[in-house]
Amino acid sequence: MDGNSRLTPSPDRRPTSSVYSDDASIMTYLIHKVSEQTRTQEYETIASFTRENQALEEELALHQKAWNGTISMANEVIQAITTIRKSLVKVETKVGGAEKTWLAFWGIYKESLGEHRPWI
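Residues numbered from 1 in each chain as written. Predicted model: local features only at pLDDT ≥ 70, side-chain atom pairs only at ≥ 80, totals over all residues. Heavy atoms only, no water.

(A) Summary view of a nonpolar patch on the surface. Judged by side-chain polarity, Ile26, Met27, Tyr29, Leu30 and Ile31 come together as a nonpolar surface patch covering roughly 500 Å² of accessible area. Looking at the secondary structure, you find leucine 30 in helix α2 (residues 16–105). Overall, leucine 30 belongs to the partly exposed group, its relative accessible area being 42%. (Patch = residues over 30% accessible without salt bridge, like charges linked within 9 Å, V, L, I, M, F, W, Y side chains within 5 Å. Areas by Shrake-Rupley, 256 points an atom, 1.4 Å probe, with all protein chains shown as cover. Salt bridge = Lys/Arg side-chain N within 4 Å of Asp/Glu carboxyl O. Helix = DSSP H or I, 4+ residues; strand = E, 2+ residues; numbered from the N terminus. Buried < 20%, exposed > 50% of the residue type's maximum accessible area, 1.4 Å probe, protein only.)

(B) Main features of the packing of aromatic side chains. One pass over the full model with this rule turns up three aromatic pairs. Plain terms: the ring middles of tryptophan 102 and phenylalanine 105 are 6.1 Å apart, the flat faces sit at 20° to each other, and that makes the pair stacked. One end of the pair is tryptophan 102 and the other is phenylalanine 105, both in helix α2 and three residues apart, which spans about a single turn. Among the residues examined, tryptophan 102 registers a relative accessible area of 54% and is labelled exposed. For phenylalanine 105, a relative accessible area of 60% puts it in the exposed group. (Phe/Tyr/Trp six-rings, centres within 6.5 Å; stacked < 30°, edge-to-face > 60°.)

Listed below in structure tokens is the structure:
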């Protein structure tokens with residue numbers, strides 16, 4: 001190697017003066033591309049979250065509908081139980097009265113705790 005080989009640029013290397021000017025435009029281009037890709041990824045992420053949110057809202061609506069149906073059915077059951085209890089009280093009262101009337105018809109009286117002793 002002689003001293004002249006260092007001064008002659010190799011065909012693979014760019015001259016020093018163009019490296020800095022090209023680097024600035026390449027950096028600007030890369031920053032723009034990265035920003036564009038980041039923006040695209042953000043939009044895709046937002047779209048994905050929007051789809052997931054919509055699916056969750058639909059699932060929540062189904063659960064709310066099922067819950068409302070359950071509550072409605074529970075209210076109907078409570079009303080039915082209340083009606084049955086009232087009916088049982090009414091039946092017991094009427095059966096007791098009918099039994100007294102039937103026995104009285106035949107002249108049979110149950111003992112009571114009152115002042116007068118009933119007939120037996």
